[in-house]
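# Structural overview for review
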Amino acid sequence: MIDYLIIGSGLAGISFSEMALQNNKSILVADNNSQNSSKIAGGLYNPVILKRFSEVWQAQEQLVVMNEFFAVLEKKLNCKVDFKLPILRKFFSIEEQNNWFAASDKINLAPFLSTHLISKRYPGINSPFGYGEVLQTGYVNTALLLDKYKEYLIKNELYLEESFDYNALLEERDGIRYKNIQAKHIIFAEGFGMHANPYFNHLPLDGTKGELLIIKAPQLDLDVIVNTSVFILPLGNDLFKVGATYNWKDKTDLPTEEGKAELVERIKEVISCDFEIVSHFAGVRPTVKDRKPLIGTHPNHNAIHILNGLGTRGVMLGPAMAKALFEYIEYKKPLDKEIDIKRFLSKGEK
Ligand SMILES: Cc1cc2nc3c(=O)[nH]c(=O)nc-3n(C[C@H](O)[C@H](O)[C@H](O)COP(=O)(O)OP(=O)(O)OC[C@H]3O[C@@H](n4cnc5c(N)ncnc54)[C@H](O)[C@@H]3O)c2cc1C
């Protein structure tokens, strides 16, 4: 009998696995490599929605959990995955500068928006109006994190490479049985793959496809992330990750010519030097109608739980949501109404 069987080893599954292990629980993780959202993500964390100048929901609380989570994980995996790097918003006019300084005066945004105008000239970018700096930002190398974590799970015999067979899941008096595995709880963290899950596929997980590029631009020299309508993230060796697009119709993870053309157009708005495209990726973000995560326990099955709906912010949300679900299951700490899947039950079901 183990404590947790976890389906999915993207940012959601990893976050829960680690939360459980750090609390001395036993786990087993299954994954079938069917989704790649976490693998290809930009990995940025940014507490401010720059388009609207609003604070990300519970940003400061999430950052606290996230910072500790990745610090512990880096030690355990013996590799660096969390890179603290400023995000600079390029200004295109005096009006944009003014909007920035007005926003930085707001009490909830003040900890995140610097009041210094950055006028440094970065080779390869023409920015006469300068930049504003977002504080407490950076990125996680998600591909490396996922690889290293999988390696760790395999080494400790905690990983099962398989497609979860929902028909083989049985409820028992004190937990669940899946084939020859008995667990006190099962956590579904399948990302957009949730649509195949008969226990939770009634939940409104829309899915938003995103595409990004790796470009090579030898004349571009950045030691920060630049963000406008796209982000430009320096990877070293003249390589930069650039993204991302938002497509609510196409639910495949195939890169498209339209996506590429859109990104190229936006890159040209930001940088003024030559570049070539080195690679092109796409994935489907697990986004929810109301843009809040899907966390909780199945209304009719006490041992069956979900951790999903991390949407566009898996890096910041993953650790905090895993903690919330873990404490809900283990200590009955109530879930915030905004993330609890109960919000989608009909009145009669509640
Ligand atoms: C282009 C793009 C850019 C992004 N940029 C950022 C960013 O900069 N910052 C940020 O925070 N977020 C970003 N995101 C969003 C982020 O990637 C997601 O929030 C996050 O990946 C969701 O993680 P997840 O674990 O829920 O889902 P996934 O990463 O999809 O993981 C689900 C896992 O479950 C497995 N699985 C599914 N079904 C089954 C099954 N039946 N049996 C076994 N295994 C199964 C899949 O193989 C997969 O490994 C981006 C996303 C995209 C697409």
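Scroll up for the structure.
Described in the following lines is the structure provided in the data block. These numbers come from a predicted model, not from an experiment.

## Observations regarding the sheet that holds strand 7 (residues 87–90)
The strand order across the open sheet formed by seven strands is 8-7-15-16-17-14-18, and the pairing between neighbours is mixed. Only two strands of the sheet have a single partner each, and these edge strands are strand 8 (131–134) and strand 18 (276–285). On average, each strand axis in the sheet is inclined to that of its neighbour by 25 degrees, with strand direction left out of account. Of the pairings in the sheet, the one linking strand 15 (residues 225–227) to strand 16 (residues 231–236) comprises two bridges and is antiparallel in character. Bridged to N227 within strand 16 is F231.

## Quick look at the site of the ligand
Near the ligand lie 38 residues; those nearest to it are D31, S34, S38, L44 and G311. S34 is positioned such that a nitrogen or oxygen atom in its backbone is 2.9 Å from an oxygen atom of the ligand. G42 places a main-chain nitrogen or oxygen 3.1 Å from a nitrogen atom of the ligand. For the ligand, the protein covers 96% of the area, taking 1,000 Å² as the surface of the free molecule. Residues belonging to the shell around the ligand are distributed by class as follows: 14 nonpolar, 18 polar and six charged.

## What to know about the side chain of E74
By secondary structure assignment, the location of E74 is in helix 3 (residues 59–77). With relative accessibility at 18%, the residue E74 sits in the buried group. The residues touching E74, leaving out its near neighbours within four places in the chain, are C79, K80, V81 and D82.

## A word on the nonpolar core
Of all hydrophobic cores here, the largest spans 67 residues; its most connected members are Y4, F16, I27, F70, L113, L145 and L307. The biggest single contributor to this core is helix 7 (residues 314–331), with 11 residues. Residues in contact with F16, not counting those within four places in the same chain, are Y4, I6, I187, L307, A322, L325, F326 and I329.

## Let's talk about the pattern of salt bridges
Taken as a whole and assessed by the stated rule, the structure comprises 18 salt bridges. Notably, a salt bridge pairs K260 with E257, separated by 3.8 Å at the nearest N-O pair. On the criterion of helical spacing, the pair formed by K260 and E257 is a turn pair, its members being three residues apart in helix 6 (residues 257–270).

## Some details on helix 1 (residues 11–22)
Over its 12 residues, helix 1 runs 16 Å from end to end, which matches the ideal 16 Å to within 8%, given 1.5 Å per residue. Here helix 1 lies mainly inside the structure; 11 of its 12 residues are buried. Among all positions in helix 1, only L11, A12, G13, I14, S15, F16, S17, E18, M19, A20 and L21 are buried. Looking one or two residues past helix 1, N24 carries a phi angle of roughly 60 degrees, positive in sign.

## Focus on the packing of aromatic side chains
Using the criterion set out here, one finds 17 aromatic pairs in the structure. Seen from their ring centres, F53 and W100 are 5.9 Å apart, and the 80 degrees between their planes marks the pair as edge-to-face. A residue pair is termed long-range when its members are at least 10 positions apart, and F53 in the loop between strand 4 (48–49) and strand 5 (54–55) and W100 in helix 4 (residues 94–104) qualify at 47 residues. Aromatic pair F188 and Y199: ring centres 6.4 Å apart, planes at 15 degrees, arrangement stacked. Placement of F188 in strand 13 (residues 181–188) and of Y199 in the loop between strand 13 and strand 14 (208–216) is noted, with a sequence separation of 11 residues between them. The two residues F188 and Y199 agree in class, both being buried. These aromatic residues form a ring-pair network of at least three members: F164, Y166, Y178, F188, Y199 and F200.

## Side note on the packing of helix 1 against helix 5 (residues 142–155)
At their nearest, the axes of helix 1 and helix 5 sit 11 Å apart, and the two run at 50 degrees to each other. Between helix 1 and helix 5, the interaxial angle falls into the category oblique. Note on packing geometry: the crossing formed by helix 1 with helix 5 is left-handed. Between helix 1, through L11, I14, S17, E18 and L21, and helix 5, the contact on the second element is made entirely by T142, L145, L146, Y149 and Y152. Here the residues of the contact of helix 1 with helix 5 sort into seven nonpolar, two polar and one charged.

Definitions and limits used
- Numbers given for residues are sequential positions, taken from 1 along each chain in its written order.
- Where totals are concerned, whole chains, interfaces and linings use all residues; where local detail is concerned, this predicted model gives features only for residues with pLDDT of at least 70, and gives and counts side-chain atom pairs only at 80 or more.
- Just so you know, side-chain values use all the structure's heavy atoms and leave hydrogens and water out.
- Criterion used throughout: strands pair if DSSP finds at least two bridges between them.
- Going along the chain from the N terminus, every DSSP run of H or I of four or more residues is numbered as a helix, and every run of E of two or more is numbered as a strand.
- Lines fitted to the C-alpha atoms define the axes, with helices restricted to the stretch that makes contact. Angles between their N-to-C directions range from 0 to 180 degrees.
- A cutoff of 4 Å decides nearness: a residue is near a molecule or strand if any of its heavy atoms lies inside that distance of it.
- Any N or O atom pair separated by 3.5 Å or less is treated as a polar contact, with the protein-specific requirement of one donor-capable and one acceptor-capable atom, and with residues adjacent in sequence counted only for side-chain atom pairs.
- Only the protein chains shown count as cover for residues, and all accessible areas are computed by the Shrake-Rupley method using a 1.4 Å probe.
- Residues are grouped as follows: Ala, Val, Leu, Ile, Met, Phe, Trp, Tyr, Cys and Pro are nonpolar; Asp, Glu, Lys and Arg are charged; all remaining types, including Gly, are polar.
- Think of it in three bands: with a 1.4 Å probe and only protein chains considered, a residue is buried below 20% of the maximum accessible area for its type, exposed above 50%, and partly exposed in between.
- We call two residues in contact whenever any of their non-hydrogen atoms come within 4.5 Å of each other.
- Among buried residues, those of type Ala, Val, Leu, Ile, Met, Phe, Trp, Tyr and Cys that are joined through side-chain atoms within 4.5 Å constitute a nonpolar core.
- What makes a salt bridge here is a side-chain nitrogen of Lys or Arg within 4 Å of a carboxyl oxygen of Asp or Glu, nothing more.
- Each residue after the first adds 1.5 Å to the expected span of a helix.
- By convention, a stacked pair of Phe, Tyr or Trp rings (six-membered ring in the case of Trp) has centres within 6.5 Å and planes under 30 degrees apart, an edge-to-face pair has planes over 60 apart, and any other such pair is tilted.
- An angle below 35 degrees is read as roughly parallel, one above 145 as roughly antiparallel, one from 65 to 115 as roughly perpendicular, and any other as oblique.
- Crossing handedness follows the turn of the near helix against the far one: under a right angle anticlockwise gives a left-handed crossing, and clockwise gives a right-handed one.

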